[in-house]
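Next come the chains, spelled out residue by residue.
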Amino acid sequence: MKSYLTLEDGLTFAGDAFGAHIAAAGEVVFNTGMTGYQEAITDPSYTNQLITFTYPLIGNYGVDAAHNQAKVAGCSAIIVRQLAELPNHYAQQMNLDEFLQQQNIPGIQGIDTRQLTKHIRQQGTLKAILTTQPLTVPFMEAYTMIKQKKSPLERATFTTPQAQQHVVLIDFGTKQAIIDQLLAQHCNVDVVPYTTSLAAIDALQPDGIFLSNGPDDPADYHAALPLIQALQTKYPLAGICLGHQLLALANGAATYKLQYGHRGLNHPVKNIATGKTILTSQNHGYAVAADSLADTPLQMTAYELNDHSVEGLRHESLPVISVQYHPEANPGPTDALGFFTEFCTLMNTNKTKKSRVA
């Protein structure tokens with residue numbers, strides 16, 4: 001079956017359909033990772049986006065449910081140069097085509113993903129529609145007819161026998177790998193939707209608060225800012241990706257939309273204090289405006305070497321830290337796992353201070 005990818009500026013690609021044979025609409029973005037396609041597809045930060053994988057062969061090691069970052073994949077569609085026909089891996093449970101059918105996500109293969117990626121880099125992120133027939137109605141009319149997805153947010157509890165801390169994770173669309181890393185740091189984790197009240201969070205008696213990643217423009221979450229403002233004065237707090245951006249907004253900084261975002265596994269980030277550079281996994285379309293930090297209590301702790309965008313923040317007087325990149329990886333390098341250790345150190349220090357006062 002043929003498939004057609006139509007961009008809002010009129011550029012159209014024709015290829016072969018795979019996965020679910022349904023229409024899809026959303027922002028078309030690109031991911032430069034050579035591996036990790038399953039983790040990207042199930043990352044809630046990609047909700048309502050059509051993911052273009054720049055590596056030419058995708059699906060060659062199949063799919064293993066253990067690597068899913070969410071129960072339901074929220075992306076709109078998958079775009080590849082070539083879909084692997086005979087994947088081979090000892091742990092694979094199904095191929096990518098079968099997985100996308102199971103998740104009700106369409107795909108297109110056989111198009112020039114290099115041309116598409118260069119176009120996005122030149123024009124900026126664009127809206128796109130994937131259909132099994134050429135469009136016969138105006139683009140925006142078709143776009144609004146295709147239903148957009150919502151990232152499901154549910155209350156959940158994760159425990160470990162060696163628990164030393166209790167973390168409440170504010171869920172804007174969290175990855176499972178973040179929860180796994182907190183468990184590895186001997187933290188019990190209560191996951192709560194970002195609409196949860198301050199009183200309900202206080203009742204859980206956390207040692208610390210974690211703001212998750214998630215999809216969309218951080219400005220869309222304006223209603224959550226008062227909660228973050230209150231939480232940071234009561235508990236050690238850390239944020240990743242969208243959580244980092246929302247922390248900045250809650251403290252008076254501003255965010256802006258990147259031309260085509262950062263989505264890949266090899267973004268270099270420099271720590272200002274140590275001078276050390278690490279490679280990071282990133283997936284975001286917005287960033288914190290560096291010049292907006294001047295009149296806030298936030299200090300920049302790290303920046304991206306390619307475009308000097310803000311990659312880390314620290315509150316000048318509260319135990320509050322955040323990073324724009326994904327220290328939990330999955331997929332990607334594990335250079336930044338120390339962020340979780342740093343957060344646990346903040347919680348331990350805060351506990352010690354409380355015990356002395358008591």
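In this text, all values refer to a predicted model and were calculated from it rather than measured experimentally.

Conventions used here
Residues numbered from 1 in each chain as written. Predicted model: local features only at pLDDT ≥ 70, side-chain atom pairs only at ≥ 80, totals over all residues. Heavy atoms only, no water. Core = buried A, V, L, I, M, F, W, Y, C linked by side-chain atoms within 4.5 Å. Buried < 20%, exposed > 50% of the residue type's maximum accessible area, 1.4 Å probe, protein only. Helix = DSSP H or I, 4+ residues; strand = E, 2+ residues; numbered from the N terminus. Contact = heavy atoms within 4.5 Å. Pairing = 2+ DSSP bridges. Axes fitted to C-alpha atoms, helices over the stretch in contact; angles between N-to-C directions. 1 Å grid on protein atoms, 1.4 Å probe; cavity = no way out; pocket = protein on both sides within 12 Å on 5 of 7 lines; lining within 4 Å. Points joined across faces, edges and corners; volume = space filled by probe spheres on them. Nonpolar A, V, L, I, M, F, W, Y, C, P; charged D, E, K, R; others polar.

*Asks:* Would you mind going over the nonpolar core with me for this structure?
*Replies:* One broad rule of soluble globular proteins: the nonpolar side chains tend to lie buried together. Ranked by internal contacts, the top residues of the largest apolar core, which has 26 residues, are Leu-169, Leu-182, Phe-210, Ile-240 and Phe-343. Of all the secondary structure elements, the ones that give two or more residues to this core are β11 (165–171), α5 (176–184), β12 (187–193), β14 (237–240), β19 (320–323) and α9 (338–357). Among the elements that line this core, the one with the most residues is α9, at 6 residues. When near neighbours in sequence (up to four residues on either side) are disregarded, Ile-240 contacts Ile-178, Phe-210, Leu-211, Ser-212, Asn-213, Val-323, Tyr-325, His-326, Pro-327, Glu-328, Phe-339 and Phe-340. In terms of nonpolar packing, the next biggest core, distinct from the first, is built from 21 residues, Val-192, Ile-209, Leu-211 and Leu-246 among them.

*Asks:* Can you walk me through the sheet that holds β12 in this structure?
*Replies:* For sheets, the rule is that strands pair by backbone hydrogen bonds, running either parallel or antiparallel. With mixed pairing, 10 strands are arranged side by side in an open sheet as β10-β12-β11-β13-β14-β19-β18-β17-β15-β16. Looking at which strands have only one partner, the edges of the open sheet turn out to be β10 (156–158) and β16 (277–288). Each strand of the sheet is rotated relative to its neighbour by a mean of 20 degrees, with strand direction disregarded. Strand direction decides the pairing type here: β14 and β19, joined by 4 bridges, are parallel. Looking at the pairing, Ile-240 lines up with Val-323 of β19. Those strands touched by α9 are β11, β12, β13 (208–211), β14, β18 (310–315) and β19, and its axis lies near 170 degrees from that of β19.

*Asks:* Looking at this structure, how should I read the pairing of strand β6 (residues 77–80)?
*Replies:* It is a general feature of regular strands that their side chains alternate between the two faces of the sheet. By the alternation rule, side chains of β6 split into Ala-77 and Ile-79 and Ile-78 and Val-80, which are all buried. Note that strand β4 (residues 49–53) and β6 share 3 bridges and pair parallel. Bridging across to β6, Ile-51 finds its partner in Ile-78. One ladder, built from 3 bridges, connects β6 with strand β8 (residues 106–109); its direction is parallel. For Val-80, the partnering residue across the bridge sits in β8 and is Gln-109.

*Asks:* Teacher, can you tell me more about the environment of Tyr-260 here?
*Replies:* Looking at the element boundaries, Tyr-260 is found in strand β15 (residues 255–271). Take Tyr-260: its relative accessible area is 23%, and that puts it in the partly exposed class. Along the sequence, Tyr-260 and Arg-121 sit 139 residues apart, while their C-alpha atoms lie 5.9 Å from each other. Setting aside anything within four residues of it in sequence, one finds Tyr-260 in contact with Phe-30, Ile-120, Arg-121 and Thr-125.

*Asks:* I would appreciate a short explanation of the sheet that holds β4 in the present structure.
*Replies:* Spatial strand order, β1-β2-β8-β6-β4-β3-β9: 7 strands in a closed barrel with mixed pairing. Between one strand axis and the next, the sheet turns through 35 degrees on average, direction left out of account. With respect to the sheet, helix α3 (residues 113–123) is in contact with β1 (2–7), β2 (12–19), β3 (24–31), β4, β6 and β9 (126–131), its orientation differing from that of β3 by roughly 95 degrees.

*Asks:* Can you help me understand the layout of surface pockets in this one?
*Replies:* If you add up the space inside the largest pocket, you get close to 500 Å³. Forming the boundary of the largest pocket are 26 residues, of which Ala-70, Lys-71, Pro-152, Glu-154 and Asp-171 lie nearest the centre. Within the residue set of the lining of the largest pocket, elements represented by two or more residues are β10 and α5. When the residues that make up the lining of the largest pocket are grouped by side-chain class, the tally is 9 nonpolar, 9 polar and 8 charged.

*Asks:* What am I meant to see in the environment of Tyr-55 here?
*Replies:* Structurally, Tyr-55 can be placed in the loop between β4 and β5 (57–58). Apart from residues lying up to four places away in sequence, Tyr-55 is in contact with Gly-33 and Met-34.

*Asks:* I keep staring at empty space enclosed by the protein and nothing clicks. Help me out?
*Replies:* What the rule picks out here adds up to 2 cavities of 30 Å³ or more. Here the largest cavity defines a volume of roughly 80 Å³. Where the lining of the largest cavity is concerned, the elements lending two or more residues are α1 (37–41), β15 and β16. Ranked by the residues each element gives to the lining of the largest cavity, the list is headed by β16, at 3 residues. Considered class by class, the residues forming the lining of the largest cavity number 4 nonpolar, 7 polar and 3 charged. Put simply, the second largest cavity is a space of about 30 Å³. Around the second largest cavity, the lining residues are Ser-3, Ala-17, Phe-18, Ala-20, His-21, Ile-22, Pro-106, Gly-107, Leu-130 and Thr-132. For the lining of the second largest cavity, the elements supplying multiple residues, two or more each, are β2 and β8. Tallied by class, the residues present in the lining of the second largest cavity amount to 6 nonpolar, 4 polar and no charged.

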